[in-house]
Each structure stands twice: as structure tokens, then as C-alpha cells.
Number of protein chains: 2
Amino acid sequence: MPSDHTKPGVGRSTGRPATIDPDAVAGVALRLFAENGYERTSMEDIARAAGIGRKSLYRYFPSKADLVWGGIEPVVEASGQVLENARTAGPTDGDTSDGGILAGLRAAAIAGASAIPDLSVTRGRLRLIAEHPELASRSYDALAPQRERARHYLLAQGVTESAAGYLCAAYLGATFEAWMQWAAGTDADPVPYLVEALGVLRVPTVRPGR
Amino acid sequence: MPSDHTKPGVGRSTGRPATIDPDAVAGVALRLFAENGYERTSMEDIARAAGIGRKSLYRYFPSKADLVWGGIEPVVEASGQVLENARTAGPTDGDTSDGGILAGLRAAAIAGASAIPDLSVTRGRLRLIAEHPELASRSYDALAPQRERARHYLLAQGVTESAAGYLCAAYLGATFEAWMQWAAGTDADPVPYLVEALGVLRVPTVRPGR
DNA sequence: CGCCTTATGACACTCCGTGTCATTATGTAA
DNA sequence: TTACATAATGACACGGAGTGTCATAAGGCG
């Protein structure tokens, strides 16, 4: 019964190796979206253009939105790792009034930006997201793991439970908006946008470090 | 050609008067959602239970999510009005360092909370939203008008264009999280949650009032 | 009485997402 | 070589969201 419909290509040493390249498939999908529009491109169109079956497509991308949002995962992952490391390292006790908490969030955001393999492709994805409310809405789900990690980081830094929730929400909202602003323009470096966005945050009521 | 599929019941003095009460329909829908679950309740079920046709249901609620989010509109409306008034009144030039901008945002949020007709029903709606990512995602669209009004308010107060965007995103994210926190608990008054949530915001670089 | 609008009912359609089932392909381990 | 495990295909079906059309009935108003 543990048939385990796990994602393909994850540490399996037995069985037939995967032949489908998810990145290539997503690339085909993005091209079709750009050519024919997002809504006017069906999952079947994408499967056909990628030369794979519809079911196989759904196996790698459970929803149409994942074809666009999937490429953002590396950013979330890299950013989350930085927060994870900072969290286990314990309170920072920096010299600034907030104990270097904002600096930690900033470092995480910048790490995310550094993890992007291809800036122009990512810009394309983000523009697609910006143009389609249906896709932009997904930011709430797509960034959920990020929210959770940021929350744990803040808690470890001595921020109140409630304040951590609010700060996370504001953090994600502001950084997402920064990415949208960057995508709308032509600047190469997204970091200045992120840094400015974090300027609207404030860390309240920090409990003294243990 | 201006057949204009306008929403029913808007200043029409001629023609057959509307007999369907949207609030009652939404009430039926919320009851069904609570009894059978959101996903396990189809639009046809709702139409049948409400004693109306499926097409009529779609006329008042273009999407299933609107049955839940529709009731939040009064909040957004009241909150937006406060921002609108504050905007046309021009820069506040308050005594605080941010020129009373945060106070304006706080007033708007509180005004929204005061505009709720039935707290318990609203709590039910918000809990439904919190439990279903598909619904929570919609916050980005549902609060879009609010975002726009807050942006204009901030611009009128001398905030940089880019900073206004980031502050709006953080503002909406934090207040939405505040509503979620309130809905999860049993406290009667949502205002303290909103006030604390706004504590994570900071207004950067205010251009001196004209 | 005619006009205008609301509302219904029926029918059809596209597309998303899920499910099943049988079958073939292709690697690794016994 | 054989057995096993997994990847991938193809076909077929299904529920449900959301859109569209069309004809028809109901109920105020000038």
C-alpha cells in the first residue's frame, strides 16, 4: 500500500529513469503562453507541443499555474535556507535597535535573488504573473513555505508570536511587490528593489535575547 | 449595442424589479459550505437550495469564491472611503515623524472593522477563507481596490511612488493576517489585532508637504 | 397596450483536474 | 537472464467551473 506516488526522479536508484525534463516542458509552456496567451493555451496544447502525454504533464505540474510558479521555487528555497541557518544560529544580538532582525530578512531576500539561474526567463514568468490576477493570487500559496520559515526565524529571534505573523505577512507582501516592480522594468539587478521594499518594515517589541 | 450587462438592481426604475436577495443566497451558500464542505458543494447545489436557477446564481455571483468574499465588500468600501476623504484633504502634517500617515491607515482599517454588520457571520466567512488556500489566495484580487486607494492616499501624503507600492503591499498583507488571527480566535473586537498588525509598518522617505 | 428588465429552463461547450486500467519501455539488483 | 520497480503512454470517463445561446414567462412602468 505504500505505492507512494512520489515525485519522479527523487533518489530512486531502481526502476526506469525519468526521460522527461521538467525545465524543458516549462520552457515550451512559457513559449506557448507568450505566443497565444495564457488562457488560450490548454494543458493539452502544452502536452502536445512538448511531445508528452497529458497525464505525464500533470504528473510533473499538478496545475497549470505550476508551470509558471514552479520556476520560482529555487528562489524560495535559497531564501529559506538562509533563514533556516540564521534561525538555528540563535538570536543575533546585533548593534541595531531591532537586533539585526531586519538585516536577516534582507539577507534572505538577497540570497533568493542570487539563486536565479536565468534573470530574463524569471522576468518573463513574473510578468506573466503580474498580467494575470489568477496567477498573482497564487503568491499566497506559492510563498507559504517561505512564510513559515520566516515565522520560525522571527520567533527564534525573540519576536512575539502575533507580531511574527504580521511581520511575515508584511515581509512577503513587500518583497513580492518588489519582484513585480523589478519585472515591470528593465533593470538587471532586483536587489535594490528588494532593499527598498524592506524599508517599509519595522520590528516591534523584541523580547531580550536569552 | 450598449446592451450593458450591468449588475441587477442598480438605479433601474423600469422593468421587472429584482426578486432575488443576494444576501439570502450567500447565506444559503455559507450554510451548505458549513454542512457539506466548500469543495463538496457545487454551484448547482447552491442554486437548488436557494430556489433559483444556476444562471441566475452566476449573475449575482460570477464565481464560487464570490459567495464567500462578496460579504467582505462593505469592509473594503468603508475603509476605502476613509482613505478617499483623507486623500482629498491633502497632507496631514501631523506631529509624528511620519506626518500622521500611519494614523491614517489605522483609521481606515478601524473604519472597515466598524462597517461589519454581523461579526459572527463575517468570522465564519473568514474562517472558511483561512481553511481553504484556494479562497485565501483570492485576497490579492479581493483587496485590489483597497490597494489602489491606499496607494493614492500615500502618494497624496508625499510618499515616493515606489515606497507607496511597497507600503501598500505590506499594509494589506498585515491587515489581512490580522483578520485571519481574529477569525481564528473568539475575541469580539478585531480592532486590537489590526492595531498591532500596523505596528510592523514604517513610513520611509516622506517628501515634505507642498 | 407595449416596453423594459428579471428570471427561468434547457442545451451545449471548453477546459481544469482526477481517476482507472492495461501496456510498454528501461533501468538496477538478485 | 530473470525478476522487480519505476516511467511513460493511451484511452476513456467523470465531476465541476464557467461561458454561451435562445426561447419564454413574469412583473413593473410610461
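Computed from a predicted model, the values in this text were never measured in an experiment.

Caption draft 1: Geometry of helix α7 (residues 119-131) of chain B. Residues and elements named next belong to chain B. With 13 residues, α7 extends 18 Å from end C-alpha to end C-alpha; this agrees with the ideal 18 Å at 1.5 Å per step. All of the buried residues in α7 are Thr-122, Arg-123, Arg-125, Leu-126, Leu-128 and Ile-129. Along its buried surface, α7 packs onto α1 (22-36), α4 (66-69), α8 (133-136) and α11 (161-184).

Caption draft 2: Structural detail: the relation of the copies chain B and chain A. Superposing chain B onto chain A requires a rotation of 180° together with a translation of 0.0 Å along the rotation axis, leaving an RMSD of 0.1 Å. The relationship between the two copies is best expressed as a two-fold rotation axis. Relative to the rotation axis, the C-alpha of Ala-170 of chain B is the closest in chain B, positioned 2.0 Å from it. The fraction of interface residues of chain B whose copies in chain A are also interface residues reaches 100%, indicating that both copies meet through the same surface.

Caption draft 3: Representation of the UniProt feature "domain: HTH tetR-type" (unreviewed entry) in chain A within the structure. Mapped onto this numbering, the UniProt entry annotates "domain: HTH tetR-type" (unreviewed entry) at residues 19-79 of chain A. Helix makes up 67% of residues 19-79 of chain A and strand 0%. Its end C-alpha atoms lie 30 Å apart.

Caption draft 4: How the structure looks around the UniProt feature "DNA-binding region" (unreviewed entry) in chain A. UniProt annotation of "DNA-binding region" (unreviewed entry) refers to residues 42-61 of chain A when read in the numbering used here. A helix fraction of 75% and a strand fraction of 0% characterise residues 42-61 of chain A, whose end C-alpha atoms lie 13 Å from each other.

Caption draft 5: View of the packing of helix α5 (residues 73-88) of chain B against helix α6 (residues 101-114) of chain B. Residues and elements named next belong to chain B. Contact pair α5 / α6: the axes reach a minimum separation of 7 Å and the direction vectors enclose 150°. Judged on the interaxial angle alone, α6 and α5 are roughly antiparallel. Between α5 and α6 the crossing geometry is right-handed. When α5 is examined against α6, the residues Val-75, Ala-78, Ser-79, Val-82 and Leu-83 are found in contact with a partner set consisting of Gly-104, Leu-105, Ala-107, Ala-108, Ala-109, Ala-111 and Gly-112. Residue composition of the contact of α5 with α6, grouped by class: nine nonpolar, three polar and no charged.

Caption draft 6: Structural view of the interface of chain B and chain A. Between chain B and chain A, the contact holds 28 residues from the first and 28 residues from the second. Regarding the contact of chain B and chain A, the summed buried area is about 2,200 Å², with carbon and sulfur atoms giving 59% of it. Considering only the surface of chain B that becomes buried against chain A, Tyr-140, Tyr-166 and Val-200 of chain B emerge as the three largest contributors, covering 33% of it. At the surface where chain B touches chain A, the tally comes to zero salt bridges. Summed over the shared surface of chain B and chain A, the number is eight residue pairs in polar contact (both at pLDDT 80 or more). Split into classes, the residues belonging to the side of chain B that touches chain A amount to 16 nonpolar, seven polar and five charged.

Caption draft 7: Summary view of the packing of aromatic side chains. Considering all chains together, one arrives at eight aromatic pairs over all chains under this definition. Residues Phe-176 of chain A and Tyr-140 of chain B carry aromatic rings whose centres are separated by 5.9 Å and whose planes lie at 80° to one another, so their mutual orientation is edge-to-face. Residue Phe-176 of chain A is found in helix α11 (residues 161-184), and its partner Tyr-140 of chain B is found in helix α9 (residues 139-142); the two belong to separate chains. Residues Trp-179 of chain A and Trp-182 of chain A carry aromatic rings whose centres are separated by 5.6 Å and whose planes lie at 90° to one another, so their mutual orientation is edge-to-face. Residue Trp-179 of chain A and its partner Trp-182 of chain A are both found in helix α11; the two are separated by three residues, about one turn of the helix. One exposure class covers both Trp-179 of chain A and Trp-182 of chain A, and it is buried. Among the aromatic side chains, those forming a connected cluster through ring pairs are Trp-69 and Phe-176 of chain A together with Tyr-140 of chain B.

Caption draft 8: Empty space enclosed by the protein, seen in detail. For the coordinates displayed, the defined rule picks out three cavities of 30 Å³ or more. The space that makes up the largest cavity amounts to roughly 320 Å³. What lines the largest cavity is a set of 18 residues, and nearest its centre among them are Tyr-140 and Gly-173 of chain A together with Ser-139, Tyr-140 and Gly-173 of chain B. At the level of secondary structure, the elements contributing two or more residues to the lining of the largest cavity comprise α9 (139-142) and α11 of chain A together with α9 and α11 of chain B.

Caption draft 9: Broad picture of the protein's contact with DNA strand C. Neighbouring DNA strand C are 30 residues, the closest being Lys-55 of chain A together with Arg-16, Thr-19, Ser-56 and Tyr-60 of chain B. A breakdown of the atoms of DNA strand C within 4 Å of the protein gives sugar and phosphate a share of 63%. A distance of 2.9 Å is found between a phosphate oxygen of DNA strand C and a backbone nitrogen or oxygen belonging to Lys-64 of chain A. Interatomic distance of 2.9 Å between a backbone N/O atom of Ile-20 of chain B and a phosphate oxygen of DNA strand C.

Caption draft 10: Spotlight on the protein's contact with DNA strand D. In the vicinity of DNA strand D lie 31 residues, with Thr-19, Ile-20, Ser-56 and Tyr-60 of chain A together with Lys-55 of chain B positioned nearest. In DNA strand D, atoms within 4 Å of the protein come from the sugar-phosphate backbone in 63% of cases. One of the backbone nitrogen or oxygen atoms of Thr-19 of chain A is found 2.5 Å away from a phosphate oxygen of DNA strand D. Within the side chain of Lys-55 of chain B, a nitrogen or oxygen atom sits 2.8 Å from a base nitrogen of DNA strand D. Only α3 (54-60) of chain A together with α3 (54-60) of chain B provide two or more residues apiece to the surface near DNA strand D. Top contributing element to the surface near DNA strand D by residue count: α3 of chain A, with five residues.

Conventions and cut-offs
Residues numbered from 1 in each chain as written. Chains lettered and ligands numbered in written order. Predicted model: local features only at pLDDT ≥ 70, side-chain atom pairs only at ≥ 80, totals over all residues. Heavy atoms only, no water. Helix = DSSP H or I, 4+ residues; strand = E, 2+ residues; numbered from the N terminus. Expected span 1.5 Å × (residues − 1). Buried < 20%, exposed > 50% of the residue type's maximum accessible area, 1.4 Å probe, protein only. Contact = heavy atoms within 4.5 Å. Least-squares fit on C-alpha atoms with pLDDT ≥ 70 in both. UniProt positions renumbered as here; feature names shortened; annotations may be inferred. Axes fitted to C-alpha atoms, helices over the stretch in contact; angles between N-to-C directions. Parallel < 35°, antiparallel > 145°, perpendicular 65-115°, else oblique. Left-handed = near helix turned anticlockwise from the far one by under 90°. Nonpolar A, V, L, I, M, F, W, Y, C, P; charged D, E, K, R; others polar. Buried area = accessible area lost by both parts, 1.4 Å probe. Salt bridge = Lys/Arg side-chain N within 4 Å of Asp/Glu carboxyl O. Polar contact = N/O pair within 3.5 Å; in protein donor to acceptor, adjacent residues only side chain to side chain. Phe/Tyr/Trp six-rings, centres within 6.5 Å; stacked < 30°, edge-to-face > 60°. 1 Å grid on protein atoms, 1.4 Å probe; cavity = no way out; pocket = protein on both sides within 12 Å on 5 of 7 lines; lining within 4 Å. Points joined across faces, edges and corners; volume = space filled by probe spheres on them. Near = heavy atom within 4 Å.

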